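What follows is each chain in one-letter form.
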Amino acid sequence: MTVPTDLDLRFREAAARSGMLDAGYDLVDSPIGPLLVAATDRGLLRISFDADIEHHLEWLSRIAGRNVLRAPRQVDGARRELDEYFEGKRHAFDLAVDLRDVTPFTERVLYELARIPFGETATYAELAARAGNPKAARAVGMTMNRNRTPIVLPCHRVIGTNGSLVGYAGGLDRKVALLTLEGVLL
Amino acid sequence: MSTVAIPPFETFYAEHNSEVLGLLRRKVGRDRADDAFQETFLRALRAYDRLEHGEHLRAWVLTIASRVAIDIHRRTKPTSEVPEIPHEDTRPAYEDLGELTDGLPAKERAAVVLRYGYDLTYDQIAAVLESSPDAARQAASSGVRRLRKEARP
């Protein structure tokens, strides 16, 4: 016997409302593929292009606590803003991001990253300089690669000094798609 | 000492939800099983971050479900006798203790079986019984006292 969908959803809804979840997640559809989105009471914790939750459960549980559950309500805010972004109706996100367990350097870099506006780009070296360490372009590259909340923290807007796209954790196709959506690429 | 890791709640829920629903449908009927199902897993969620090991999670959640069923029976039939926690809910290895404690009041029985049969902490037992750890300890020890008394010729 399987649990009927409406009963299952009712419990997940109640669990999210109860405030007892350490993290809730759900899949969010997007033009560049399904996104795994997880949020805590502090904000957005994870966006991943790898939609297989089995690849994320242990990490979420370790970083946020073991009360991790698929709970659509917990990511409603993120879902709405992502939908608007992909429809071209939103240029800036108002979502809080849960930055627990990131180093001070990473936090500075992500803070500067978040300030690169929609439709613009910066180079790894520029971002390193803005974060107070001009020589740290390579470390900035690593930080982009490990960005836990891509799209919302727009690491797709960071490119090489010669204008090359360099790389993207979600695959270069997605970086191209995001920059095209923002009018940077044609 | 090796302990069994406690899985993320999603994994635990996915593994046991259909068995819990089946148990609740048998105990309280289809109409009331949905509410009981939600209550069971909310109680489990409340206690989940206090668990100290991942052993006997199945027995633990089935015991919570049994308690929820008992509460529902109490609410709807205040004068009727409290139903027993049936043997089919406990795992074979612990059946001895299940039978031994047959004569105990429901709360003491649950406390004794969970403490000595499943090695749960009083915190965890309190979560199942929806009472305090002190009350769980008291229920277990008065259960044991009662068993001793009965064992005497």
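Since the model is a prediction, treat every value here as computed from it, not as a measurement. (Residues numbered from 1 in each chain as written. Chains lettered and ligands numbered in written order. Predicted model: local features only at pLDDT ≥ 70, side-chain atom pairs only at ≥ 80, totals over all residues. Heavy atoms only, no water.)

(A) View of the overall build of chain B. For chain B, the count of helices and strands is seven helices and zero strands. Tracing chain B from N to C terminus, the helices and strands come up as α-α-α-α-α-α-α. The burial tally for chain B puts 52% of its 153 residues in the buried class. Across chain B, contacts joining residues at least 24 apart in sequence account for 63% of those joining residues at least 6 apart. Roughly 7,600 Å² of accessible area belongs to chain B as shown, and the carbon and sulfur atoms make up 47% of that amount. (Helix = DSSP H or I, 4+ residues; strand = E, 2+ residues; numbered from the N terminus. Buried < 20%, exposed > 50% of the residue type's maximum accessible area, 1.4 Å probe, protein only. Contact = heavy atoms within 4.5 Å. Areas by Shrake-Rupley, 256 points an atom, 1.4 Å probe, with all protein chains shown as cover.)

(B) Representation of the environment of Ala139 of chain B in the model. All names here are of chain B. Looking at where Ala139 falls in the secondary structure, it is placed in helix α7 (residues 133-151). As for Ala139 and Ala110, which are separated by 29 residues in sequence, their C-alpha atoms are 8.6 Å apart. The contacts of Ala139, once residues within four sequence positions are left out, are Lys107, Glu108 and Ala111.

(C) Representation of the packing of aromatic side chains in the model. According to the stated counting rule, one finds 16 aromatic pairs over all chains in the structure shown. With a centroid separation of 5.2 Å and 75 degrees between ring planes, the pair formed by Tyr85 of chain A and Phe86 of chain A is classed as edge-to-face. Residue Tyr85 of chain A is classed as buried on the basis of its relative accessible area, which comes to 0%. Ring plane angle 80 degrees and centroid distance 6.1 Å describe the contact between Tyr85 of chain A and Phe118 of chain A, whose orientation is recorded as edge-to-face. Of this pair, Tyr85 of chain A sits in helix α3 (residues 76-86) while Phe118 of chain A sits in the loop between α4 (104-114) and β5 (122-123), and the two are 33 residues apart along the sequence. Here a set of aromatic residues connected by ring pairs shows up, and it is made of Phe11 of chain A together with Phe9, Phe12, Tyr13, Phe37, Phe41, Tyr48 and Trp60 of chain B. (Phe/Tyr/Trp six-rings, centres within 6.5 Å; stacked < 30°, edge-to-face > 60°.)

(D) Geometry of the environment of Asp34 of chain B. Positionally, Asp34 of chain B belongs in helix α2 (residues 30-48). Taking the relative accessible area as the measure of exposure, Asp34 of chain B reaches 25% and is therefore partly exposed. Spatially, the C-alpha atoms of Asp34 of chain B and Leu51 of chain B are 25 Å apart, while their sequence positions differ by 17 residues. Those residues within four positions of Asp34 of chain B in sequence are excluded, and the remaining contacts are Leu7 and Arg10 of chain A together with Leu21 of chain B.

(E) Here's a closer look at the nonpolar core. Phe11 of chain A together with Phe9, Phe12, Phe37, Phe41 and Trp60 of chain B are the most contacted members of the largest nonpolar core, which has 51 residues in total. Where this core is concerned, the elements lending two or more residues are α1 (5-18) of chain A together with α1 (9-28), α2, α3 (57-76), α5 (106-117), α6 (122-129) and α7 of chain B. Filtering out sequence-adjacent residues up to four positions away, Phe12 of chain B remains in contact with Pro7, Phe41, Ala44, Tyr48, Leu57, Trp60 and Val61 of chain B. One finds Val37, Phe49, Leu82 and Ile116 of chain A within the second-largest nonpolar core, a separate group that totals 34 residues. (Core = buried A, V, L, I, M, F, W, Y, C linked by side-chain atoms within 4.5 Å.)

(F) Broad picture of the interface of chain B and chain A. Taken together, the contacts link 24 residues of chain B with 23 residues of chain A. Both sides of the chain B and chain A interface together cover about 2,100 Å² of buried area, and 64% of this is carbon and sulfur. Summed over the three residues of chain B that lose the most area to chain A, namely Pro8, Glu10 and Leu45 of chain B, the buried surface amounts to 29% of that side. Note that Asp35 of chain B is salt-bridged to Arg10 of chain A, the shortest N-O span being 2.7 Å. Our enumeration of links across chain B and chain A arrives at 10 residue pairs in polar contact (both at pLDDT 80 or more). Those elements that place two or more of their residues in the side of chain B that touches chain A are α1 and α2 of chain B. (Buried area = accessible area lost by both parts, 1.4 Å probe. Salt bridge = Lys/Arg side-chain N within 4 Å of Asp/Glu carboxyl O. Polar contact = N/O pair within 3.5 Å; in protein donor to acceptor, adjacent residues only side chain to side chain.)

(G) Examining the sheet that holds strand β2 (residues 35-40) of chain A more closely. Residue and element names in this part refer to chain A. Here we have four strands laid out as an open sheet, ordered β3-β2-β1-β4, and mixed in their pairing. The strands lining the two open edges of the sheet, one partner per strand, are β3 (43-48) and β4 (68-70). Adjacent strand axes in the sheet meet at a mean angle of 25 degrees when their direction is disregarded. Sheet topology places strand β1 (residues 23-28) next to β2; five bridges connect them, and they run antiparallel. Residue pairing in the sheet places Tyr25 in a bridge with Ala38 of β2. Sheet contacts for α3: β1, β2 and β3; angle to β1, the most-contacted strand, approximately 30 degrees. (Pairing = 2+ DSSP bridges. Axes fitted to C-alpha atoms, helices over the stretch in contact; angles between N-to-C directions.)

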